[in-house]
Amino acid sequence: MNKKLNYSVPDGYFENLKGRLRSIADTQQEAPSRLQRFTPYLALAACFAIAVLAGSLILKRTAVPAASDEEIIEYLIDSDMTLAQIEDYLTLNE
């Protein structure tokens, strides 16, 4: 089998590599600004706020209104409950 590689490294590549890497590292050592440091946290807080707002809107639109006391009493009377059971209900739910 022929194991000849078709690619070659340019002359002097590895001799100059260390110097080129240092120059790249020197140019990229700027400290991030406060806004750049806090941007991920602000984005997370905004996502959380949107999720809470969307959840509360969905719950408000799908919530079933509570029955009034009069409606509950009428239901209990119509459901053949005794007067003692209705009085027990009223005393427990005051």
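Everything below is about the structure shown above.
Worth saying up front: this structure is predicted, and the values here are computed from it rather than measured.

Student: Is there a simple way to think about helix H2 (residues 34–62) in this case?
Tutor: Along its 29 residues, H2 runs 42 Å from first to last C-alpha, staying within 8% of the 42 Å computed at 1.5 Å per residue. Of all the bends in H2, the largest measures some 35 degrees and sits at Pro-40. Little of H2 is tucked away: 0 of the 29 residues are buried.

Student: Help me understand a nonpolar patch on the surface in this model?
Tutor: There is a patch of nonpolar side chains on the surface, built from Leu-35, Phe-38, Tyr-41 and Leu-42 and spanning about 480 Å² of accessible area. As for its position among the elements, Tyr-41 is in helix H2.

Student: Help me out: how do you make sense of the environment of Glu-87 in this one?
Tutor: When you line up the elements, Glu-87 lands in helix H4 (residues 83–92). Sequence separation between Glu-87 and Ile-73 is 14 residues; the distance between their C-alpha atoms is 9.9 Å.

Student: How should helix H3 (residues 69–78) be read in this particular structure?
Tutor: Each α-helix turn comprises 3.6 residues. Residues three or four places apart therefore point the same way. Across the 10 residues of H3, 1 count as buried, placing the element largely on the outside. Residue Asp-80 follows H3 closely and has a positive phi angle near 60 degrees.

Student: What exactly am I supposed to notice about the packing of H3 against H4 here?
Tutor: Each pair of packed helices can be described by the angle between their axes along with the distance between the axes. Interaxial distance between H3 and H4 falls to 10 Å at its minimum, and their mutual angle equals 155 degrees. Relative to H4, the element H3 is oriented roughly antiparallel. Crossing geometry of H3 relative to H4 is assigned as right-handed. Facing Ile-72, Ile-73, Leu-76 and Ile-77 of H3, the residues of H4 in contact are Ile-86, Tyr-89 and Leu-90. Looking at side-chain class alone, the contact of H3 with H4 contains 7 nonpolar, no polar and no charged residues.

What counts as what
- Residues numbered from 1 in each chain as written.
- Predicted model: local features only at pLDDT ≥ 70, side-chain atom pairs only at ≥ 80, totals over all residues.
- Heavy atoms only, no water.
- Helix = DSSP H or I, 4+ residues; strand = E, 2+ residues; numbered from the N terminus.
- Expected span 1.5 Å × (residues − 1).
- Bend = angle between axes of the 7 residues up to and from the residue.
- Buried < 20%, exposed > 50% of the residue type's maximum accessible area, 1.4 Å probe, protein only.
- Patch = residues over 30% accessible without salt bridge, like charges linked within 9 Å, V, L, I, M, F, W, Y side chains within 5 Å.
- Areas by Shrake-Rupley, 256 points an atom, 1.4 Å probe, with all protein chains shown as cover.
- Salt bridge = Lys/Arg side-chain N within 4 Å of Asp/Glu carboxyl O.
- Axes fitted to C-alpha atoms, helices over the stretch in contact; angles between N-to-C directions.
- Parallel < 35°, antiparallel > 145°, perpendicular 65-115°, else oblique.
- Left-handed = near helix turned anticlockwise from the far one by under 90°.
- Contact = heavy atoms within 4.5 Å.
- Nonpolar A, V, L, I, M, F, W, Y, C, P; charged D, E, K, R; others polar.

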